[in-house]
Amino acid sequence: MNGTMQIRDHLLDELETGVRTGASLIRLIRPEEWAYRPQENMRSLVELVHHWIQITASDLAIMQEKSESEVGTIENSLSGIEDIEQLEATLWRNFETYKAYIVSLSEEDLLNRSTKAFYMEHGHVQVKWQIETVTHVFHHRSQLYNYLKQQGHELNFFMLYA
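The model shown is predicted, which means the values in this text are computed figures rather than measured ones. (Residues numbered from 1 in each chain as written. Predicted model: local features only at pLDDT ≥ 70, side-chain atom pairs only at ≥ 80, totals over all residues. Heavy atoms only, no water.)

1. Thoughts on the packing of helix α3 (residues 55-63) against helix α5 (residues 84-104)
Running from N to C, α3 and α5 point in directions that differ by 35°, and their axes come no closer than 8 Å. Of the residues in α5, those in contact with T56, A57, L60 and M63 of α3 are N94, F95, T97, Y98, Y101 and I102. Class assignment for the residues of the contact of α3 with α5 results in 7 nonpolar, 3 polar and no charged. (Axes fitted to C-alpha atoms, helices over the stretch in contact; angles between N-to-C directions. Helix = DSSP H or I, 4+ residues; strand = E, 2+ residues; numbered from the N terminus. Contact = heavy atoms within 4.5 Å. Nonpolar A, V, L, I, M, F, W, Y, C, P; charged D, E, K, R; others polar.)

2. Here we look at the UniProt feature "binding site: a divalent metal cation" (unreviewed entry) in the protein
Under the UniProt annotation, "binding site: a divalent metal cation" (unreviewed entry) lies at H51, H136 and H140. The greatest C-alpha distance among the residues just named is 10.5 Å, despite their covering 90 residues of sequence, which places them together in space. Within the element layout of this structure, H136 appears in helix α7 (residues 126-150). Contacts of H136, omitting those with residues within four sequence positions, involve H51, I55 and D59. Inspection of the secondary structure assignment puts H140 in helix α7. (UniProt positions renumbered as here; feature names shortened; annotations may be inferred.)

3. Focus on the nonpolar core
By size, the foremost hydrophobic cluster in this structure holds 44 residues, and its most contacted members are I29, L45, V49, I53 and L144. Every element with two or more residues in this core is listed here: α1 (3-26), α2 (45-53), α3, α5 and α7. Residue contributions to this core peak at 9 residues, all from α7. L45 has contacts with I29, E33, W34, Y36, L144, Y147 and L148, leaving out every residue within four places of it along the chain. (Core = buried A, V, L, I, M, F, W, Y, C linked by side-chain atoms within 4.5 Å. Buried < 20%, exposed > 50% of the residue type's maximum accessible area, 1.4 Å probe, protein only.)

4. Notes on a nonpolar patch on the surface
On the surface, F157, F158 and Y161 cluster together into a nonpolar patch covering about 400 Å² of accessible area. One can find F157 in the segment after α7. (Patch = residues over 30% accessible without salt bridge, like charges linked within 9 Å, V, L, I, M, F, W, Y side chains within 5 Å. Areas by Shrake-Rupley, 256 points an atom, 1.4 Å probe, with all protein chains shown as cover. Salt bridge = Lys/Arg side-chain N within 4 Å of Asp/Glu carboxyl O.)

5. Looking at the packing of α3 against helix α4 (residues 68-76)
Their axes nearest at 9 Å, the elements α3 and α4 cross at an angle of 170°. By the angle class used here, α3 and α4 are roughly antiparallel. The segment α3 lies against α4, with A57, S58, A61 and I62 engaging V71, I74 and E75. Taken together, the residues of the contact of α3 with α4 break down into 5 nonpolar, 1 polar and 1 charged. (Parallel < 35°, antiparallel > 145°, perpendicular 65-115°, else oblique.)

So, in structure tokens, the structure goes:
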């Protein structure tokens, strides 16, 4: 395997770590915590979880140049759902679909195929989108960790890499 594909796989492994450890955080949520909102101008816990679960699905749709309404449909498809098992199943299904797309790309496409999001003037190559997805997942996983800490959960740094 060449270096490009090794880097692709390292990024996928890191993304899977974020998904796996974030899933463990979601399993800690108590029903009475879903409405928690740290500040008026921030997402509630349920809104954050829904957004986080849909990152790989919505980012994939963006990478594939789906329209704003198509991406919006994905992002809003969990509305009203608070069942942890259903949420976690969606998270893993989204990740596996995203991973299958990334793995299906040739080295040429990964490095040179540029696609443009509906909200951008210029496109990004697929590997740059892959990096964006990894950082996006970790950004919101960090928020989830902080929300749960603020709700009094006993969390530690090591659980984010287990």
